[in-house]
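Here is how the chains run, residue by residue.
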Amino acid sequence: MAGLSTPKQKLSALIITYNEIGYIEKCLDSVSFADEIIVVDSYSTDGTYEYLLNHPKVNVIQNPFENFTAQKSFALKQAKNDWVLFLDADEIVSDVLQNEITETISSDTDI
């Protein structure tokens, strides 16, 4: 079908936090290319939650921490997109990785 292009797939970046005020800003900056950023916070007491509330691209949800699997599963259920990138709050996505992710989710391949 000439003239039809595959629409760009959308990406959800998912981050779980607890008292990550020293790291979260760099992490969020590195995933600003994502279509949605969801942060599940385990009731931080260091200002992380308040910082996230004021971030224009972040959907922050507080959820009690039971264990990592439960918290990540909860975060995954919040995602609206098929493509998901999980990060820890102290991680950043390099430019090279960002380009690879963008190319991969925008390609016509089933891989």
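The rules behind each value
- Residues numbered from 1 in each chain as written.
- Predicted model: local features only at pLDDT ≥ 70, side-chain atom pairs only at ≥ 80, totals over all residues.
- Heavy atoms only, no water.
- Salt bridge = Lys/Arg side-chain N within 4 Å of Asp/Glu carboxyl O.
- Helix = DSSP H or I, 4+ residues; strand = E, 2+ residues; numbered from the N terminus.
- Buried < 20%, exposed > 50% of the residue type's maximum accessible area, 1.4 Å probe, protein only.
- Pairing = 2+ DSSP bridges.
- Core = buried A, V, L, I, M, F, W, Y, C linked by side-chain atoms within 4.5 Å.
- Contact = heavy atoms within 4.5 Å.

A.B. asks: Would you mind going over the pattern of salt bridges in detail, with residue names and values included?
C.D. replies: Per the counting criterion, the structure on display carries one salt bridge. Note that Lys-72 is salt-bridged to Asp-88, the shortest N-O span being 4.0 Å. One end of the pair, Lys-72, is in helix α3 (residues 68-78); the other, Asp-88, is in strand β4 (residues 83-88), with 16 residues separating them in the sequence. Look at Lys-72 and you get partly exposed, because its relative accessible area is 28%.

A.B. asks: How would you explain the pairing of strand β3 (residues 58-62) if you had to name every residue and give the values?
C.D. replies: Taken together, the five bridges between strand β2 (residues 36-41) and β3 define a ladder with parallel strand orientation. When the bridges of β3 are listed, Val-40 appears paired with Ile-61.

A.B. asks: Which residues make up the nonpolar core, and what values do they have?
C.D. replies: Generally speaking, soluble globular proteins have nonpolar side chains that are buried together. Ile-15, Leu-28, Ile-37 and Val-39 are the most contacted members of the largest nonpolar core, which has 20 residues in total. Of all the secondary-structure elements, those providing two or more residues to this core are β1 (11-17), α1 (24-30), β2, α2 (48-53), β3, β4 and α4 (95-106). Residues contacting Ile-37, with those up to four places away along its chain left out, are Ala-13, Ile-15, Leu-28, Val-31, Ser-32, Lys-57, Val-58 and Asn-59. Membership of the second largest hydrophobic core comes to seven residues, among which are Leu-14, Ile-16, Ile-38 and Ile-61.

Everything listed is a geometric property; what it means functionally is a separate question.
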